[in-house]
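Listed here are the chains, written in short residue letters.
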Amino acid sequence: MSDAVLPADPGTQAAETRAAAEPVLSARGLVRVYRIAQQRLEVLKGADVDLFAGESVAIMGRSGAGKSTLLHALGLLDRPDEGSLVVRGVESTRLSKPARARLRNKQIGFVFQFYHLIPELSALDNALLPRRIEFGPFAWAGERREAREKARALLAELGLGERMGHRPSQLSGGERQRVAIARALVSEPTLLLCDEPTGNLDERTSGVIADLLFEISEKRDHTLVMVTHDAELARRADRGLQLHEGRLEPLDA
Amino acid sequence: MYRLHLASRYTFQRPVSYLAMVAIGLAVMALIVVLSIMNGFLEETRSFLRGTTADIVVFPHQIQFAYSREALEDAVAEHPDVRGACARLVRPAIFKVYGRAPVLHGNSRDAAQHQVLVLGVDAEAEIAVTDFSEYLANVETPLFRVADPERPFHLPIERIRDLEFKFANAPTVLVSEEMLSGLLLRPGDALNLVTVPDSALQLDGQPVKPASQTFLVAGAYRTGHYNHDQATVYISHKDFVRWTGTQHQVSELYVSVDEGADLDRVRDELDAKLRDIGMVSTVETWEDRHRIWLGAVENERNILLVIFFFFLLLVCTITFSVLTMMVQQKVRDIGILSAMGAPAGGVGGVFATCGIYIATLGGVFGLVAGIALASNINAVKDFIEDTFDIEVFQKEVYAFTEIPVALDHQWNAAIAGATVVGAVLICLLPAFRAARMDPVEALRHE
């Protein structure tokens, strides 16, 4: 295991527990190269990381360092040019595109800075989207009632009990981000990947959303990974990592 | 499930989708209406030509001597496939309404004097061989109908309008309902027919003296074919001979043939037989006689296929544009769907389903609207003409009293089906583009 996968405070009991446990996601030597106007831009130069069940990890780095690229690679949205990425014991880099999509649907939830809700759908339908994708039309008929109940409960838990029928345009920024969190959690994924989840919110709402993310992932034992520029938010994570020169390093306290 | 769900939201919450549906619908509707009118035109024309021309027509070449009507009819009737034959005499004449100035008003067709074709027929034989009895029954105004359809040239004395009965013994004539209405005539009224008699053929140096005869209108007929009805009158065969003094008994012989018989074969056999007995004639089937006219109408209908191809291109272009625009506007949604675990095929499927919705609903709308409009085209025409005081359908030009329509449901279904299939196929291109989009690039799309 490289330095990057070591906990921020290697002396704690939590670190010892993680060292003994099987990671839910293990990335080794991730390389991602972009070719822009005949120029080779190596964004990830061998990033390593192990993520364990129930922990929260903050990833920081200067703008353009490749944080989002790393998050997309960890979330199976982007295929790294080199390296290994094992999710729940499955080597994802060798999977076909449809198989990667299935794995993403079952194991990974995304929360984006700009919410990325579908404007034509209500809050409830947005939250239900991953479940609709999971089931075909015939299976959905059997699962529909239970899935809806679960999504309703989740939205109510996030304080949107009265706003389920509202479209994104009828919701505030904080409410939209709560819908996005409900959507990320509805399939009970192993990993919750957040790309600057409070970056588009005012200070007060940012605090509320951050509280929600930490509370809910702890309560449900999700692995929470956050890409952020917010040092305060990073401090609240179990450990912090910094993306520097295309590699992950422990974040200085 | 998400494909149908999202596609319905994308489609039905965007006004441009409805515009595309309306455009497809209008294209299908227009084509169905035009095709129905063309079919109606062809069907009516064939029906009319068939009814007024009989199956086979014999034109005797009576250059040196007049053929005997009975001999000609007997020779033709001997053919095993011939059901009946009727001799007709044909002569152009000047038609003049009795007691009126020659020109009633500017339209020559409705003027009190104009040229007509006079047919001298034996009513009983004509009824047996052609649709003559239908033409008598088709008359819409009860006052204009003949007193006795079995004896159409009979005019009961109580219908004679001249109070002094000075024409009580005059021969009678059948005039079309259109002409009676246009000239403000009714049964019992008198009119004159003027022609050149056969005696005018004598080379005695004298000027030709026309043969003028007063006829009383016995009643009306109606074929529905405007040109025919405006320029044809019927008189009895006997009165024709008496009026013109002709030595001929037959200008043309109308022959009806058994159902299913091969007309071309019967034509050839009759032609050969008449030559054998010295009654040289031109023998034509009804299709031979009108081949140019029928060919032109059929050709026009076939041109519709070419027009249909361009309609299809138009529909495909509209659908392609709408779907391409939709994919362009939904790039970020494509990234979101991918992030939520939708496979590329599923993402493309959402947009393909949008195309199916637009094309199918547009096609069904066009099919229903097209059939509805074609079925009520004359009511619509009347409404437009009455409301805007304009003439939409000129009877003089199109030769029918109303717009003929024949709905061909196989063709209609083919038009709608081909349009829907074409539009759906073209939708696969933008859907394929959506499916191939890089999810990371899509999420970053501004």
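Everything below is about the structure shown above.
Residues numbered from 1 in each chain as written. Chains lettered and ligands numbered in written order. Predicted model: local features only at pLDDT ≥ 70, side-chain atom pairs only at ≥ 80, totals over all residues. Heavy atoms only, no water.

Next up on the list: the sheet that holds strand E6 (residues 108-111) of chain A. Residues and elements named next belong to chain A. Across the sheet, six strands lie side by side as E6-E7-E8-E3-E9-E10; this open sheet has mixed pairing. Two strands in the sheet have a free side with no partner beyond their single neighbour: E6 and strand E10 (247-250). Recorded for the sheet is a direction-independent mean angle of 25° between the axes of neighbouring strands. Pairing analysis gives four bridges linking strand E3 (residues 56-60) to strand E8 (residues 223-227), with the strands arranged parallel. Looking at E8, one finds that Ser56 is bridged to Leu224. (Pairing = 2+ DSSP bridges. Helix = DSSP H or I, 4+ residues; strand = E, 2+ residues; numbered from the N terminus. Axes fitted to C-alpha atoms, helices over the stretch in contact; angles between N-to-C directions.)

Turning to the interface of chain A and chain B, a few remarks are in order. Listed per partner, the contact involves 29 residues of chain A and 23 residues of chain B. Surface buried jointly by chain A and chain B totals about 2,400 Å² across both partners, of which 65% is contributed by carbon and sulfur atoms. A per-residue breakdown of the area chain A buries against chain B is headed by A:His116, A:Glu120 and A:Ile133, which together make up 26% of the total. The interface formed by chain A and chain B contains three salt bridges. Residue A:Glu120 is joined to B:Lys330 by a salt bridge in which the shortest nitrogen-to-oxygen separation is 2.6 Å. Counting residues per element, the ones that place at least two in the side of chain A that touches chain B are helix H2 (67-74), helix H3 (97-107), helix H4 (123-134) and helix H5 (137-157) of chain A. Here the side of chain A that touches chain B gets five residues from one element, more than from any other, and that element is H4(A). (Contact = heavy atoms within 4.5 Å. Buried area = accessible area lost by both parts, 1.4 Å probe. Salt bridge = Lys/Arg side-chain N within 4 Å of Asp/Glu carboxyl O.)

Moving on, we come to the environment of A:Ala27. Residue and element names in this part refer to chain A. Note that Ala27 resides in strand E1 (residues 25-36). For the pair Ala27 and Asp50, spaced 23 residues apart in the sequence, the C-alpha separation amounts to 6.3 Å. Once you skip the residues sitting within four places of it in the chain, Ala27 turns out to touch Ala47, Asp48, Val49, Asp50, Leu74, Ser84 and Leu85.

All names here are of chain A. The residue His116 is not glycine, and still its phi comes out positive at about 55°. Turning to its location among the elements, His116 is positioned in the loop between E6 and H4. Note on His116: relative accessible area 7%, which makes it buried. The phi angle at Glu245 is positive, at roughly 55°, despite the residue not being glycine. Along the chain, the position of Glu245 falls in the loop between strand E9 (239-244) and E10. (Buried < 20%, exposed > 50% of the residue type's maximum accessible area, 1.4 Å probe, protein only.)

Next up on the list: the packing of aromatic side chains. Throughout the structure, instances matching the rule amount to 10 aromatic pairs over all chains. With a centroid separation of 6.4 Å and 35° between ring planes, the pair formed by A:Phe135 and A:Trp140 is classed as tilted. The same class applies to A:Phe135 as to A:Trp140, namely buried. Taken together, a centroid distance of 5.7 Å and an interplanar angle of 75° make the contact between B:Phe309 and B:Phe310 edge-to-face. One aromatic cluster is present, built from ring pairs that chain together B:Phe12, B:Tyr18 and B:Tyr357. If you follow A:Arg32 out to its NZ or CZ, it ends over the ring of A:Tyr34, 4.7 Å from the centre. (Phe/Tyr/Trp six-rings, centres within 6.5 Å; stacked < 30°, edge-to-face > 60°. Lys NZ or Arg CZ within 6 Å of the ring centre and 35° of its normal.)

Among the nonpolar cores identified, the biggest contains 80 residues, and A:Leu25, A:Leu74, B:Leu337 and B:Phe351 are the most heavily contacted of them. If you tally residues by element for this core, the top one is helix H2 (residues 15-53) of chain B, at nine residues. A:Leu25 has contacts with A:Val49, A:Asp50, A:Leu51, A:Leu74, A:Leu85, A:Val86, A:Val87 and A:Leu191, leaving out every residue within four places of it along the chain. One finds A:Tyr115, A:Trp140, A:Val179 and A:Ala210 within the second-largest nonpolar core, a separate group that totals 40 residues. (Core = buried A, V, L, I, M, F, W, Y, C linked by side-chain atoms within 4.5 Å.)

All names here are of chain B. Direction vectors running N to C along helix H3 (residues 69-77) and helix H9 (residues 263-276) enclose 135°, while the axes themselves pass 10 Å from each other. Put simply, H3 runs oblique to H9. As for how H3 packs across H9, the hand of that crossing is right-handed. Together, Leu72, Ala75 and Val76 of H3 and Leu270, Lys273 and Leu274 of H9 make up the contact between the two elements. (Parallel < 35°, antiparallel > 145°, perpendicular 65-115°, else oblique. Left-handed = near helix turned anticlockwise from the far one by under 90°.)

This next bit is on the pairing of E6(A). Side-chain positions along a regular strand alternate between the two faces of the sheet. All names here are of chain A. Residues Ile108 and Phe110 of E6 are buried on one face, and the alternating residues Gly109 and Val111, pointing to the opposite face, are buried as well. Pairing of E6 with strand E7 (residues 191-195) involves four bridges; the strand directions are parallel. Paired with Ile108 across the two strands is Leu191, which belongs to E7.

In this section: the pairing of E10(A). Residue and element names in this part refer to chain A. Pairing geometry for E9 and E10, over four bridges, is antiparallel. Looking at E10, one finds that His244 is bridged to Arg247. Where E9 hands over to E10, the hairpin turn is made up of two residues, of which Glu245 adopts a positive phi near 55°.

This paragraph deals with the packing of helix H11 (residues 291-329) of chain B against helix H13 (residues 344-375) of chain B. Residue and element names in this part refer to chain B. Look at H11 against H13: their axes get within 10 Å of each other, and the N-to-C directions meet at 145°. At the point where H11 passes H13, the crossing takes the right-handed sense. Residues Val322, Leu323, Met326 and Val327 of H11 touch H13, and the partners they reach there are Phe351, Cys354, Gly355 and Ile358. Split by residue class, the contact of H11 with H13 holds seven nonpolar, one polar and no charged. (Nonpolar A, V, L, I, M, F, W, Y, C, P; charged D, E, K, R; others polar.)

A few words on the sheet that holds strand E2 (residues 39-51) of chain A. Residue and element names in this part refer to chain A. Reading across from one edge, E2-E1-E4-E5 is the order of the four strands in this open sheet, with antiparallel pairing throughout. In this open sheet, the two edge strands, each paired with only one partner strand, are E2 and strand E5 (90-91). The pairing of strand E4 (residues 82-87) with E5 spans two bridges and is classified as antiparallel. Directly across from Val86, in E5, lies its bridge partner Glu91. H2 contacts E1, E2 and E4 of the sheet and is inclined by roughly 125° relative to E1.

Without other data, these values stay purely geometric and don't point to any function.
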